[in-house]
Amino acid sequence: MTFATKNWELWSTTAQVTVTEPENLDRAVAIALGILGDIERASSRFRSDSELESLHGKLATGAEVTSRLATLVRAALDVAALTDGTVDPTLGNDMVRIGYDRDLASLPAEATLGAFTIVARTPRTAGWRRISLDGQRLTVPNDLALDLGATAKALAADECARSISAELGCGVLVSLGGDIATSGIAPVEGWIVLVQDLPSDPEQTVTLKAGSAIATSSTQKRRWTNKGRPQHHILDPRFGLPAEPVWKSVTIAADTCLTANALSTAAIVRGRAAIDWLQNLGATGRLVDQAGRIVTVGTWPAAPEPFRADVD
Amino acid sequence: MNIRQAGKRRVRAITTTIGLASIAATALTGAVVVGTMQNHGFAASSLAAPSVQGDGSDDQSSTALVSPGVGSAPQATSTGS
């Protein structure tokens, strides 16, 4: 089966739409751009004209929000519940405190991928249980700020894939920075996905079941320097600081990209305890530690043995 | 697996937490055992059952979310962002 792909830069990463009917590619991309634009206008922390930013300081007593923003917040709260608060949407102020207050491309880059040191931690009260969403009425205490970035991208991939497949009747793969959702039929050979974070990391190629999703969270990407210290973007909500980077990356396959991203992000935060936690959830995934060693959970396929030439 | 299904599955699975914790700890602290769980006899158990319902056959490839990649070039890369 033939397929066609378009890539473009989006949200400091790469967006990709692949369809099984090449003649539908332009229309598929147009559908995706419409959805992604809506989500950005609703939830961006980096656009002063976004709905979320315009509500700054107005949510303490509750305010009606658009259905789009309500959907994004509801998904974030579902993820917080699933992960026991490990993925918390109320870390906006903490992100600003560690310097992530504008688009990543504008932040001071980390010169090299250096050692990561956690220097001080102050326990922080969980925020997600203190916000409420009643229909489209959102209430957020003044001391909290929403950061929906962890879930909005994954939800966007799911919605783009579903909408494209439903409107055009073709199979589709949507990747937003490596968070991948599929919908409709797959190519004959299946959706073949390379799982690899940095080029120096161990790679594995897998076939993704049609209609399912896969997401990778990494402590090696979206890094920057703040006050001379390296930072990454996955925060431990207990402390409002970057999680200890036990894992270089965690990849999870699930029915939706939202679930896959929730579990992969939470696994980064949970560190070594993530293996047990993911097994208990019945999750399927692959974790790569700092030494490049791989742990898999659930039904993740074993990597083929590397080819070894006879050296006798 | 959606979020609510996952929550229910977690409740069902909690009784085996102690055994799993032991396996996980062994995998992390052993000198050579960090590898796939399948390599340590912990393959697809009831906890790790595929989240997509199959037809009851043993053919995991028909139900698993991911299976080994075949010869074709990848159409996408799952990477952190």
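The rules we used
Residues numbered from 1 in each chain as written. Chains lettered and ligands numbered in written order. Predicted model: local features only at pLDDT ≥ 70, side-chain atom pairs only at ≥ 80, totals over all residues. Helix = DSSP H or I, 4+ residues; strand = E, 2+ residues; numbered from the N terminus. Buried ≥ 20, exposed ≤ 12 C-beta atoms within 10 Å, placed from the backbone. Rg over C-alpha atoms; globule rule 2.2 N^0.38 Å. Contact = placed C-beta atoms within 7 Å. Pairing = 2+ DSSP bridges. Axes fitted to C-alpha atoms, helices over the stretch in contact; angles between N-to-C directions. Core = buried A, V, L, I, M, F, W, Y, C linked by C-beta atoms within 7 Å. pLDDT = per-residue confidence, 0-100. Left-handed = near helix turned anticlockwise from the far one by under 90°. Nonpolar A, V, L, I, M, F, W, Y, C, P; charged D, E, K, R; others polar. Parallel < 35°, antiparallel > 145°, perpendicular 65-115°, else oblique. Expected span 1.5 Å × (residues − 1).

Trainee: Help me out: how do you make sense of the overall build of chain B in this one?
Mentor: Per the secondary structure count, chain B includes two helices and two strands. Secondary structure of chain B in N-to-C order comes out as α-α-β-β. When burial is assessed residue by residue, chain B has 26% of its 81 residues classed as buried.

Trainee: Whenever I open this one, the overall build of chain A confuses me. Can you help?
Mentor: Helix and strand counts for chain A stand at seven helices and 17 strands. Relative to the compact-globule value of 20 Å for 312 residues, chain A shows a C-alpha radius of gyration of 20 Å, a close match. In terms of overall dimensions, chain A has C-alpha extents of about 70 × 50 × 40 Å along its principal axes. Looking at chain A as a whole, 52% of its 312 residues are labelled buried. Contacts in chain A between residues far apart in sequence, at least 24 positions, make up 62% of those at least 6 positions apart.

Trainee: Please clarify how unusual backbone geometry should be interpreted in this entry.
Mentor: Glycine aside, a negative phi is what most residues show, and trans is what most peptide bonds show. A positive phi angle, near 60 degrees, is found at S12 of chain A, a position not held by glycine. When you line up the elements, S12 of chain A lands in the loop between β1 (4-10) and β2 (13-19).

Trainee: Would you take a moment to explain the sheet that holds strand β5 (residues 137-139) of chain A for this structure?
Mentor: All names here are of chain A. Strand order in the open sheet formed by three strands is β3-β5-β4, with antiparallel pairing between adjacent strands. Both outer strands of the open sheet, β3 (63-64) and β4 (132-134), are each paired with one neighbouring strand and no more. Across three bridges, the pairing between β4 and β5 is antiparallel. In the strand pairing of β5, S132 is matched with T139. Across the sheet, helix α3 (residues 67-82) is in contact with β4 and β5; its angle to β4 comes to roughly 130 degrees.

Trainee: Would you take a moment to explain the pairing of strand β16 (residues 284-289) of chain A for this structure?
Mentor: Within a regular strand, the side chains alternate between the two sheet faces. Residues and elements named next belong to chain A. By the criterion of burial, β16 is predominantly enclosed, with five of the six residues buried. In terms of strand pairing, strand β15 (residues 247-254) meets β16 through six bridges, oriented antiparallel. Bridged to V250 within β16 is L287. Note that β16 and strand β17 (residues 294-297) share four bridges and pair antiparallel. In the strand pairing of β17, R286 is matched with T296.

Trainee: Looking at this model, I keep getting lost on the nonpolar core. Mind explaining?
Mentor: Buried together is how nonpolar side chains tend to be arranged in soluble globular proteins. Among the nonpolar cores identified, the biggest contains 91 residues, and A32, L72, A157, V174, I180 and L263 of chain A are the most heavily contacted of them. Apart from the residues lying within four places of it in its own chain, the contact partners of A32 of chain A are V17, C160, I164 and V174 of chain A.

Trainee: Please explain the confidence of the model for chain B as it appears in this structure.
Mentor: Low-pLDDT portions of the prediction should not be read for the details of their coordinates. All names here are of chain B. With 22% of its residues at a pLDDT of 70 or more, chain B shows a mean pLDDT of 51. Considering each helix and strand of chain B separately, the mean pLDDT is smallest for helix α2 (residues 17-29), with a value of 39, and largest for strand β2 (residues 76-78), with 94. Counting interchain partners and residues more than four positions distant, the pLDDT-below-50 stretch residues 14-61 has 63 contacts. The complex prediction reports pTM at 0.78, with the ipTM value standing at 0.81.

Trainee: I would appreciate a short explanation of the packing of helix α1 (residues 25-43) of chain A against helix α5 (residues 149-168) of chain A in the present structure.
Mentor: Packed helix pairs are specified by the crossing angle of their axes together with the interaxial distance, meaning the distance between the axes. All names here are of chain A. Direction vectors running N to C along α1 and α5 enclose 145 degrees, while the axes themselves pass 9 Å from each other. In this structure, α1 meets α5 at a crossing whose hand is right-handed. Taken together, the residues of α5 that come into contact with α1 (itself represented by R27, A28, I31, A32, I35, L36, I39 and S43) are A152, A156, E159, C160, S163, I164, E167 and L168. Looking at the contact of α1 with α5 residue by residue, the class counts come to eleven nonpolar, two polar and three charged.

Trainee: I'm lost on the packing of α5 of chain A against helix α6 (residues 257-270) of chain A in this one. Help?
Mentor: Residues and elements named next belong to chain A. Packing of α5 against α6 brings their axes to within 8 Å, and their N-to-C directions diverge by 150 degrees. It follows from the interaxial angle that α5 and α6 lie roughly antiparallel. The hand of the α5/α6 crossing is right-handed. Seen from α5, the contacting residues are A150, T151, A154, L155, A157 and D158; seen from α6, they are C257, L258, N261, A262 and T265. In terms of residue class, the contact of α5 with α6 is built from seven nonpolar, three polar and one charged.

Trainee: Any chance you could explain the pairing of strand β8 (residues 191-195) of chain A here in plain terms?
Mentor: When you tally the buried positions in β8 of chain A, you get four out of five residues, the bulk of the element. The pairing of β8 of chain A with strand β9 (residues 204-208) of chain A spans five bridges and is antiparallel. Bridge pairing in β9 of chain A links W191 of chain A to L208 of chain A. Direction of pairing for β8 of chain A relative to β2 of chain B: parallel, over a ladder of three bridges. Following the sheet pairing, L194 of chain A is matched in β2 of chain B by T77 of chain B.

Trainee: Before we go on, may I ask you to explain α5 of chain A in this structure?
Mentor: Count 3.6 residues to each turn of an α-helix, and residues three or four apart come out pointing the same way. Residue and element names in this part refer to chain A. A rise of 1.5 Å per residue sets the reference length of α5, with its 20 residues, at 28 Å; its end C-alpha atoms lie 28 Å apart and thus fit the reference within 8%. When you tally the buried positions in α5, you get 15 out of 20 residues, the bulk of the element. With its phi angle positive at about 70 degrees, G169 sits one or two positions after the end of α5.

Trainee: Would you explain the environment of R47 of chain A in this entry?
Mentor: Residues and elements named next belong to chain A. Within the secondary structure, R47 sits in the loop between α1 and α2 (51-54). For R47, a count of 15 C-beta atoms within 10 Å translates into the label partly exposed. Measuring from C-alpha to C-alpha, the distance between R47 and D103 comes to 9.4 Å, with 56 residues separating the pair along the chain. For R47, the contacting residues outside a window of four places in its chain are E40 and E53.

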